[in-house]
Amino acid sequence: MKGRARSVPVLMYHHVSSSPGMITVSPEHFGAQMAYLERAGYRTLGSQQLSAYLAGEPVPAKSVVLTFDDGYLDNWVHAHPVLQRHGFTALCFLVTSWPRDGEVRPNASSAVNLTELPRLLNHREGELAIRSGRADEAILRWSEIDAMRVAGTFEFHSHTHTHERWDLITPNRDEKRARLTDDLIAARQMLEARLGDVSDHLCWPQGYYDEDYQQIALDAGFRNFYTCHTGANESDHGRALTAGRSINRLEVRDRPASWLASRLWVHSRPALSRAYLRIKR
Ligand SMILES: [Zn+2]
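Note that the structure is a prediction, hence the values are computed from the model and not measured.

So, how was this worked out
- Residues numbered from 1 in each chain as written.
- Predicted model: local features only at pLDDT ≥ 70, side-chain atom pairs only at ≥ 80, totals over all residues.
- Heavy atoms only, no water.
- Donors = N, O, S within 2.8 Å, 3.2 Å for Na, K, Ca; no water.
- Buried < 20%, exposed > 50% of the residue type's maximum accessible area, 1.4 Å probe, protein only.
- Axes fitted to C-alpha atoms, helices over the stretch in contact; angles between N-to-C directions.
- Helix = DSSP H or I, 4+ residues; strand = E, 2+ residues; numbered from the N terminus.
- Parallel < 35°, antiparallel > 145°, perpendicular 65-115°, else oblique.
- Left-handed = near helix turned anticlockwise from the far one by under 90°.
- Contact = heavy atoms within 4.5 Å.
- Nonpolar A, V, L, I, M, F, W, Y, C, P; charged D, E, K, R; others polar.
- Salt bridge = Lys/Arg side-chain N within 4 Å of Asp/Glu carboxyl O.
- Polar contact = N/O pair within 3.5 Å; in protein donor to acceptor, adjacent residues only side chain to side chain.
- Phe/Tyr/Trp six-rings, centres within 6.5 Å; stacked < 30°, edge-to-face > 60°.
- Lys NZ or Arg CZ within 6 Å of the ring centre and 35° of its normal.
- Core = buried A, V, L, I, M, F, W, Y, C linked by side-chain atoms within 4.5 Å.

Undergrad: Please provide a residue-by-residue account of the coordination of the zinc ion, values included.
TA: Around the zinc ion, the protein contributes the donor atoms D70 (OD), H159 (NE2) and H163 (NE2), which lie 2.1 to 2.2 Å from the metal centre. All donors of the zinc ion belong to a single chain; written as a sequence motif, their spacing is D-x88-H-x3-H. Residue classification places H159 among the buried residues on the basis of a relative accessible area of 1%.

Below, the structure is given as structure tokens:
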């Protein structure tokens with residue numbers, strides 16, 4: 001598989017943390033997975049390189065995209081130092097109403113000993129903290145987001161302002177459309193104010209989208225939509241982006257590097273990836 005990539009796998013992470021959970025990868029497994037990527041000769045693509053590839057520009061085989069959803073504090077504590085060590089870049093999708101201001105907290109590379117690290121909530125505790133106005137205990141601060149951007153370990157993109165599923169909250173279609181529009185605009189304004197720019201990459205909350213969602217997101221200027229569908233990502237060879245493009249992702253489990261290696265092997269090969277998904281279904 002030398003030469004050009006036939007597919008770019010996009011990996012989906014949420015938590016990297018020692019507090020276990022369904023969508024949590026342990027720091028040990030994450031470290032081993034990233035060490036494997038480097039050893040195997042993978043390079044990480046940023047969002048612009050991914051969209052250029054999808055539009056038809058060649059990238060080397062063994063290109064991969066790392067994504068993190070929701071912007072958890074543990075991404076700073078455990079993922080950032082590992083990415084920095086390997087010279088890797090990841091995309092993080094922020095829910096822009098969640099981050100707070102405050103000083104940068106210790107992380108796994110800055111802490112002198114482990115007792116200095118902030119306490120990390122598991123996923124369910126984090127959800128509860130966010131709902132009860134204590135998002136800061138679970139979520140990245142703007143200062144940490146800045147530090148990650150400066151280090152080049154993370155880019156930050158929109159995951160809406162509220163992470164709400166408007167299709168479930170209101171049965172009224174016009175209201176759903178209006179609330180989603182407000183949600184995307186608020187996120188865009190926050191990212192512009194805090195980071196100075198905003199991309200056309202958007203991650204759907206809970207992976208949900210329908211025709212209304214797609215149309216409203218297109219109207220709000222987004223073109224690259226990150227889903228929770230498993231699969232390869234092949235170039236669309238410059239097809240007009242009027243409908244935007246959906247990006248498949250592989251959910252990374254709390255498993256050793258060998259597990260990740262086998263997933264990448266399958267989903268770097270479009271025909272094999274399709275056959276594999278057919279059998280799995
Ligand atoms: Zn999410």
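Undergrad: Hey, could you go over the packing of helix α1 (residues 27–39) against helix α9 (residues 257–267) for me, with residue numbers and the actual values?
TA: At their nearest, the axes of α1 and α9 sit 8 Å apart, and the two run at 50° to each other. Between α1 and α9, the crossing angle belongs to the class labelled oblique. Of the two possible hands of crossing, α1 and α9 adopt the one that is right-handed. Note on element contacts: α9 touches α1 through A257, L260, A261 and L264, opposite A32, Q33, Y36 and L37. Considering only residue class, the contact of α1 with α9 consists of 7 nonpolar, 1 polar and no charged.

Undergrad: Run through the pattern of salt bridges, naming residues and quoting values.
TA: Throughout the structure, instances matching the rule amount to 15 salt bridges. One salt bridge in this structure joins R165 and D167, with 2.8 Å as the shortest N-O distance. Like D167, R165 is buried. One salt bridge connects D212 with K176, and the closest N-O pair in it is separated by 3.0 Å. Taken together, the residues D212 in helix α8 (residues 211–219) and K176 in helix α7 (residues 173–195) connect sequence positions 36 residues apart. Comparing D212 with K176, the two get one shared label, buried. One continuous salt-bridge network, built from bridges that share partners, spans R173, K176, R177, D210 and D212.

Undergrad: Please give an account of unusual backbone geometry that cites residues and values.
TA: Positioned with a positive phi, H163 is a non-glycine residue whose angle comes to about 65°. One non-glycine residue, Q206, adopts positive backbone phi at about 55°. If you trace the backbone, Q206 turns up in the loop between β8 (201–203) and α8.

Undergrad: Run through the side chain of S268, naming residues and quoting values.
TA: Position of S268 among the secondary structure elements: in the loop between α9 and α10 (270–280). In this structure S268 comes out as buried when scored by relative accessible area, which is 5%. Looking at S268, its side chain comes within polar contact range of the main-chain oxygen of L264, at 2.6 Å.

Undergrad: Report on the side chain of H163, specifying residues and quantitative values.
TA: Among the structural elements, H163 can be located in the loop between β7 (154–158) and α6 (166–169). What makes H163 buried here is its relative accessible area of 17%. Apart from the residues lying within four places of it in its own chain, the contact partners of H163 are D70, V95, W98, D183, P205 and Q206.

Undergrad: Account for α9, with residues named and values stated.
TA: In an α-helix, one full turn covers 3.6 residues, which means residues spaced three or four apart are oriented alike. For α9, the complete set of buried residues consists of A257, W259, L260, A261, L264, V266 and H267. Looking at the buried residues of α9, the elements they touch are β1 (10–13), α1, β5 (63–70), β11 (250–251) and α10.

Undergrad: Describe the packing of aromatic side chains, and please don't skip the residues or the numbers.
TA: Per the stated rule, a full pass over the model turns up 11 aromatic pairs. Plain terms: the ring middles of F30 and F68 are 6.0 Å apart, the flat faces sit at 75° to each other, and that makes the pair edge-to-face. With F30 in helix α1 and F68 in strand β5, the pair connects residues that are 38 residues apart, well separated along the chain. Each member of the pair, F30 together with F68, is buried. Measuring from centroid to centroid gives 4.9 Å for W204 and F225, while their planes differ by 25°, and the two rings are stacked. Of this pair, W204 sits in the loop between β8 and α8 while F225 sits in strand β9 (residues 224–226), placing them 21 residues apart in sequence. The two residues W204 and F225 agree in class, both being buried. An aromatic cluster is built from Y13, F30, F68, F154 and F156, whose rings are joined through pairwise contacts. Across the ring face of F222, the terminal group of R188 is positioned such that the distance to the ring centre comes to 5.1 Å.

Undergrad: I'd like to hear about the nonpolar core, residue by residue, with values.
TA: One finds Y13, F30 and L37 to be the most contacted residues of the largest nonpolar core, which totals 41 residues. Sorting elements by how many residues they give to this core places helix α3 (residues 73–86) first, with 6 residues. Setting aside chain neighbours within four positions, we find Y13 in contact with V25, F30, Q33, M34, L66, T67, F68, D69, V252 and L260. V8, V59, V65 and F93 belong to the second-largest nonpolar core, a separate cluster that totals 14 residues.

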